[in-house]
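So the chains spell out like this:
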Amino acid sequence: AQRVTQPEKLLSVFKGAPVELKCNYSYSGSPELFWYVQYSRQRLQLLLRHISRESIKGFTADLNKGETSFHLKKPFAQEEDSAMYYCALSVRDTGRRALTFGSGTRLQVQP
Amino acid sequence: ETGVTQSPTHLIKTRGQQVTLRCSSQSGHNTVSWYQQALGQGPQFIFQYYREEENGRGNFPPRFSGLQFPNYSSELNVNALELDDSALYLCASSWDLVSSAQYFGPGTRLTVL
């Protein structure tokens, strides 16, 4: 069975500092990885998916199959980045496309 | 705004009762998934429906059941409520089984006393 681990419950940085939210996964097949974000009093929304290889709001994430990681990075944090971030995995080898989520990391960007 | 809506926003029930939660998917989305999010945890997959048929189930007992209707609405039913069923219930829709990008509703907060 697949598993997603986000080792940090809380990450606190100052505005302008680099940010790295860690995500490790376990799955022997070919996964699809996502980052979802939940701002205060808003719904969960898709931030990034690894197959798109895009940068959204300055965030990037690279899938490292050797290290089974999909860390989320931003070079200069902004106060509006403060939110709950969830890493999620979808298994591409089955007809069911359910997401397996990590337990989330709260990012606090201090002024 | 993604267009996925859920009702009600909050609900309080007592142990042993039954509850029905509702979701309206984004128009054109044939797949709906339901998740349970306990406090301090990430969402956990309950089950998925594709074109009104169940298409997979997570590690939840049979007292969790669902329905999907042709008008892009769906239901999550929970029988014999237990205290541990207290959680935020999320529905998420996507275009089809190929796309994994899911669009979430705001959730229904269920409290079981």
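Residues numbered from 1 in each chain as written. Chains lettered and ligands numbered in written order. Predicted model: local features only at pLDDT ≥ 70, side-chain atom pairs only at ≥ 80, totals over all residues. Heavy atoms only, no water.

A. Structural context of the side chain of B:Gln36. All names here are of chain B. Considering the arrangement of structural elements, one finds Gln 36 in strand 4 (residues 31–37). A distance of 2.9 Å separates polar atoms of two side chains, one belonging to Gln 36 and the other to Tyr 89. In this view, Gln 36 contacts Gly 42, Pro 43, Gln 44, Ile 46, Phe 60, Phe 64, Asp 84, Asp 85, Ala 87, Leu 88 and Tyr 89; residues no more than four positions away in its chain are not counted. (Helix = DSSP H or I, 4+ residues; strand = E, 2+ residues; numbered from the N terminus. Polar contact = N/O pair within 3.5 Å; in protein donor to acceptor, adjacent residues only side chain to side chain. Contact = heavy atoms within 4.5 Å.)

B. Representation of the packing of aromatic side chains within the structure. Summed over the entire model, instances satisfying the criterion amount to eleven aromatic pairs over all chains. Seen from their ring centres, A:Tyr86 and A:Phe101 are 6.3 Å apart, and the 90° between their planes marks the pair as edge-to-face. Of this pair, A:Tyr86 sits in strand 9 (residues 83–91) while A:Phe101 sits in strand 10 (residues 99–101), placing them 15 residues apart in sequence. As far as burial versus exposure is concerned, A:Tyr86 and A:Phe101 are alike and both buried. With a centroid separation of 5.8 Å and an interplanar angle of 90°, the aromatic rings of A:Phe101 and B:Tyr35 are classed as edge-to-face. Of this pair, A:Phe101 sits in strand 10 while B:Tyr35 sits in strand 4, placing the two residues on different chains. Overall, the relative accessible area of 0% leaves B:Tyr35 in the buried class. (Phe/Tyr/Trp six-rings, centres within 6.5 Å; stacked < 30°, edge-to-face > 60°. Buried < 20%, exposed > 50% of the residue type's maximum accessible area, 1.4 Å probe, protein only.)

C. Region of the structure containing the state of the cysteines. In total, this model carries two disulfides over all chains according to the counting rule given. A sulfur-sulfur separation of 2.0 Å characterises the disulfide bridge that pairs A:Cys23 with A:Cys87. Taking the torsion about the sulfur-sulfur bond, which here is approximately -65°, the covalent link between A:Cys23 and A:Cys87 counts as left-handed. Within this pair, whereas A:Cys23 is found in the loop between strand 3 (19–21) and strand 4 (24–26), its partner A:Cys87 is found in strand 9, the two being separated by 64 residues in sequence. Linked covalently through their sulfurs, B:Cys23 and B:Cys91 form a disulfide whose S-S length is 1.9 Å. Taking the sign of the torsion about the S-S bond as the criterion, the disulfide between B:Cys23 and B:Cys91, at about 65°, is right-handed. Taken as a pair, B:Cys23 in strand 3 (residues 19–24) and B:Cys91 in strand 9 (residues 87–94) lie far apart in primary sequence, 68 residues in all. Each member of the pair B:Cys23 and B:Cys91 is classed as buried. (Disulfide = S-S within 2.5 Å.)

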